[in-house]
Amino acid sequence: MTDTTRREVLGWLAGLGAAAGIGLLPGRASASVGVTALRDVTLIDSSGVRSGTTIVLADNEVLAVGSCDLPLPRGSTVLDLAGKFVIPGLWDMHVHGAYMDRITLPLCLANGVTGIREMWGFPPIYELRERIERGEVLGPELVVGSTIIDGPHSTLPGALIVSTPDEGRQAVRDAKTQGADFVKVYSYLDRPTLAAIADECSKQAITFAGHCSNHVALGDASDLGQRTFEHMYGLPLATSTRETQLRQAIADLPLDPANSFAWFRQVLEFERQAALSHSRAKAAQLAKRLQRNNSALVPTMVAMRVFASPLDRFANDPRMKYMPAFYRDFWRDGLKNWAPVTEQEIRHQAEFLRRRMDQVAEMHAHGVEVLAGTDAGNPYTFPGFSVHDELELLVEAGLSPKAALKAGTRDAAVKPGVAANLVVLDGNPLKDIRNTQRLHTVLTRGKVLGPAERQKMLADVEKAAQEPFPTAVSACC
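By convention here, each chain's residues receive numbers from 1 onward along its written sequence. Local features in this predicted model are restricted to residues whose pLDDT is 70 or higher, and side-chain atom pairs enter the listing and the counts only when it is 80 or higher, whereas totals over whole chains, interfaces and linings include all residues. Processing note: side-chain calculations cover all non-hydrogen atoms of the structure and skip hydrogens and water entirely.

- An unreviewed UniProt entry annotates the protein chain as Imidazolonepropionase originating from Lentzea waywayandensis.

Listed below in structure tokens is the structure:
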């Protein structure tokens, strides 16, 4: 990374001054447009690691990155942060619940999560996205999917059911018209309908992402253009020596529309069996397809760990105080269909989770992009907080702290002209990924959220969580 030169920074400062009708050169005027400098930090971003760095911000933009002697206008706010580490703002690439704006948004920002991908969109969330961008609501950058498209059968109340390719195409057009940033697909779509959705997405210049359909192999869905695959679904089958046999078992499996979850649960059992016959050769072949198609994995290990654990394992998490009161019953009841009960079930699910985590690490080693997502809104996955849990699990799976950090920041660079979404840490995350939890300051949307500000945000969320909530939420994934 090349230093910002003194001449360049003076030019940018002068340009800002001209735009604001003031002078900003050192010794000539004060920085009334809001210049903040982070001095003497160690910067860790996509370009590498640089110590003794000063980062200059103007409003919500990175103005300059260079050495400690960069010139600053008189009146700049200077944060002397010797010994601190700066990373780009974190992203959670799989979130539900942005509509709870007094809960989800501040919890994300207080935890250094300055961008989220909301995986179930509807008009109020599209409106919230615009309010955030206009500065009416303080929140992370919000990328919002369509309503969940599934069918002809679905485990998910509220999903948009499509039964034919033509209905799938119409769903894509409607999503684009309504303002979705991408199309969200789900588990029950058959091959012709998914292919139609993919083709229509190409025509409408919109991407699609979501679950790997239980009727379409992961590599085939990638070839169709699916951008991300969530929750590690489909990965064990796609890398199994028994894939053909197990896919035939899925095709032959009877489905009761009145209890479609039973069918889904049996497919997961087939996936568990598939993980026992993993093929490294097939994994390498699959990785080449995913790379070629620019498809990424969003494993949401933190949520999958909950679903693979006994019912009450996480029930007393102290972070429950930040969630609306009804969540305690909602999450517990929602887990009853998932949680293993017998010793054998508990052992099998723990082993299955471990094998899937190994496969994610293997895909990453082959060059497949992995992105950090939590499935926040599902049982015991907490907005903001759980991103740090996910980073820790990625390292436990076998990724290096550097690779996990890349997954959590979308490999962002801190350079002039980009949005000033930054996180200041008290410890080096490359030595211990848990140091992402040692937050000192979050900078986003022109605001400096130091320790006191973040503590107040958390206290306000805890208070809001105790207030009556108008409506319950549907199960989500």
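### A closer look at the overall build of the protein chain
And step 1. Secondary structure elements follow DSSP: runs of H or I no shorter than four residues count as helices, runs of E no shorter than two count as strands, and numbering proceeds from the N terminus. Helix and strand counts for the protein chain stand at 16 helices and 17 strands.
And step 2. When we talk radius of gyration, it's over C-alpha atoms, and the globule rule is simply 2.2 Å times the number of residues to the 0.38. Since a compact globule built from 477 residues should have a radius of gyration of about 23 Å, the 23 Å found for the protein chain is in line with a globular shape.
And step 3. Summarising its shape, the C-alpha atoms of the protein chain cover approximately 80 × 50 × 45 Å along the three principal directions.
And step 4. Buried, partly exposed and exposed residues are distinguished by accessible area as a fraction of the type maximum, computed with a 1.4 Å probe on protein chains only: under 20%, between the cut-offs, and over 50%, respectively. Buried residues in the protein chain amount to 54% of all 477 residues.

### As for the packing of helix 9 (residues 260–275) against helix 13 (residues 343–365)
And step 1. In this analysis, axes come from line fits to C-alpha atoms, helices being fitted only over the stretch in contact, and the angle between any two N-to-C directions falls in the range 0 to 180 degrees. Helix 13 packs onto helix 9 with a crossing angle of 65° between their chain directions and a minimal axis gap of 10 Å. Crossing handedness for the pair helix 9 and helix 13: left-handed. Each of Leu268, Glu271, Arg272 and Ala275 in helix 9 lies in contact with helix 13, whose residues at this interface are His348, Gln349, Phe352, Arg355 and Gln359.
And step 2. Nonpolar residues are Ala, Val, Leu, Ile, Met, Phe, Trp, Tyr, Cys and Pro. Charged residues are Asp, Glu, Lys and Arg, and all others, Gly as well, are polar. Within the contact of helix 9 with helix 13, the residues separate by chemical class into three nonpolar, three polar and three charged. Note on convention: the crossing is left-handed when the near helix lies turned anticlockwise from the far helix by less than a right angle, right-handed when the turn is clockwise. It only takes one pair of heavy atoms within 4.5 Å for two residues to be counted as in contact.

### Topic: unusual backbone geometry
And step 1. A cis amide bond, omega 5°, links Gly151 with the succeeding residue Pro152.
And step 2. By the secondary structure assignment, Pro152 is in the loop between strand 8 (141–150) and strand 9 (160–161).
And step 3. Phi is positive for Asp59, which is not a glycine, with a value near 55°.
And step 4. With respect to the helices and strands, the residue Asp59 is situated in the loop between strand 2 (48–58) and strand 3 (61–67).
And step 5. With a phi angle near 70°, His231 is a residue other than glycine that sits in the positive phi range.
And step 6. Secondary-structure assignment places His231 in the loop between strand 12 (228–230) and helix 7 (235–238).
And step 7. Judged by relative accessible area, which is 0%, His231 ranks as buried.

### Some words on the packing of helix 4 (residues 165–178) against helix 5 (residues 191–204)
And step 1. For the pair helix 4 and helix 5, interaxial distance at closest approach is 8 Å and the crossing angle is 35°. Relative to helix 5, helix 4 is oriented so that their crossing is right-handed. Only Pro192, Thr193, Ala196, Ile197, Asp199, Glu200, Cys201, Lys203 and Gln204 of helix 5 make contact with helix 4, whose side of the interface consists of Pro165, Gly168, Arg169, Val172, Arg173 and Lys176.
And step 2. When grouped by side-chain class, the residues that make up the contact of helix 4 with helix 5 number six nonpolar, three polar and six charged.

### Considering the nonpolar core
And step 1. Of all hydrophobic cores here, the largest spans 111 residues; its most connected members are Val183, Met363, Tyr380 and Leu394.
And step 2. Broken down by element, the residue count for this core peaks at seven residues, all from helix 9.
And step 3. Excluding its chain neighbours within four sequence positions, the residues that come into contact with Leu394 are Pro299, Met301, Val370, Ala372, Leu399, Ala404 and Ala407.
And step 4. Residues enter a nonpolar core if they are buried and are Ala, Val, Leu, Ile, Met, Phe, Trp, Tyr or Cys, with the set joined through side-chain atoms within 4.5 Å. Residues Leu38, Leu43, Val65 and Ala420 belong to the second largest nonpolar core, which totals 14 residues.

### Brief notes about the environment of Ser260
And step 1. With respect to the secondary-structure elements, Ser260 resides in helix 9.
And step 2. Between the alpha carbons of Ser260 and Ser154 there is a distance of 6.4 Å; along the sequence they are 106 residues apart.
And step 3. Excluding its chain neighbours within four sequence positions, the residues that come into contact with Ser260 are Ser154, Thr155, Tyr188 and Leu255.

### Focus: the side chain of Ser295
And step 1. Turning to its location among the elements, Ser295 is positioned in the loop between helix 10 (280–293) and strand 13 (296–298).
And step 2. Apart from residues no more than four positions distant in its own chain, Ser295 is found in contact with Ser222, Gln226, Arg227, Phe229, Leu290 and Val368.

### Observations concerning the UniProt feature "domain: Amidohydrolase-related" (unreviewed entry) in the protein chain
And step 1. This chain's UniProt record puts "domain: Amidohydrolase-related" (unreviewed entry) on residues 85–448.
And step 2. Secondary structure content for residues 85–448 is 44% helix and 15% strand, while the C-alpha to C-alpha distance between its ends is 16 Å. UniProt positions are given in the numbering used here, feature names are shortened, and annotations may be inferred rather than shown by experiment.

### Details of the pattern of salt bridges
Close approach of charged atoms allows side chains with opposite charge to pair.
And step 1. Salt bridges are counted wherever a side-chain nitrogen of Lys or Arg sits within 4 Å of a carboxyl oxygen of Asp or Glu. Within this structure, the stated rule accounts for 29 salt bridges.
And step 2. Among the salt bridges present, the one from Lys282 reaches Glu243, with a minimum N-O distance of 2.5 Å. Separated by 39 residues along the polypeptide, Lys282 in helix 10 and Glu243 in helix 8 (residues 243–252) bring together distant segments of the chain.
And step 3. Shared partners join several salt bridges into a network, and the residues in it are Arg169, Arg173, Asp199, Glu200 and Lys203.

### Brief notes about the state of the cysteines
Cysteine pairs can be covalently joined through their sulfur atoms, and such a bond is termed a disulfide.
And step 1. The definition used for a disulfide is geometric: two cysteine sulfur atoms within 2.5 Å. This structure, assessed with the given rule, holds zero disulfides.
And step 2. The thiol of Cys201 is not disulfide-bonded; the next cysteine sulfur, from Cys212, is found 16 Å away.

### With respect to helix 14 (residues 385–397)
And step 1. Helix length check: helix 14, at 13 residues, gives a terminal C-alpha distance of 19 Å against a target of 18 Å (1.5 Å per residue), a fit within 8%.
And step 2. Across the 13 residues of helix 14, 10 count as buried, placing the element largely inside the fold.
And step 3. Of all the residues in helix 14, the buried ones are Phe385, Ser386, Val387, His388, Asp389, Glu390, Leu391, Leu393, Leu394 and Ala397.
And step 4. Following helix 14 by one or two positions, Gly398 adopts a phi angle in the positive range, close to 135°. Helix span is expected to be 1.5 Å times the residue number reduced by one.

### Points about helix 10
And step 1. The end-to-end C-alpha distance of helix 10 is 20 Å, a good match for the 20 Å that 14 residues give at a rise of 1.5 Å each.
And step 2. The inward-facing, buried residues of helix 10 abut helix 6 (218–224), strand 12, helix 7, strand 13 and helix 13.
And step 3. One or two steps after helix 10, the chain reaches Asn294, where phi turns positive at roughly 60°.

### Points about the confidence of the model for the protein chain
And step 1. Of all residues in the protein chain, 91% have pLDDT values of 70 or greater, and the mean over the chain is 92.
And step 2. Within the model, pLDDT remains below 50 along residues 15–32, and this stretch shows 32 contacts once partners closer than five positions in the same chain are excluded. Each residue carries a pLDDT value, the predictor's own confidence for that position, ranging from 0 to 100.

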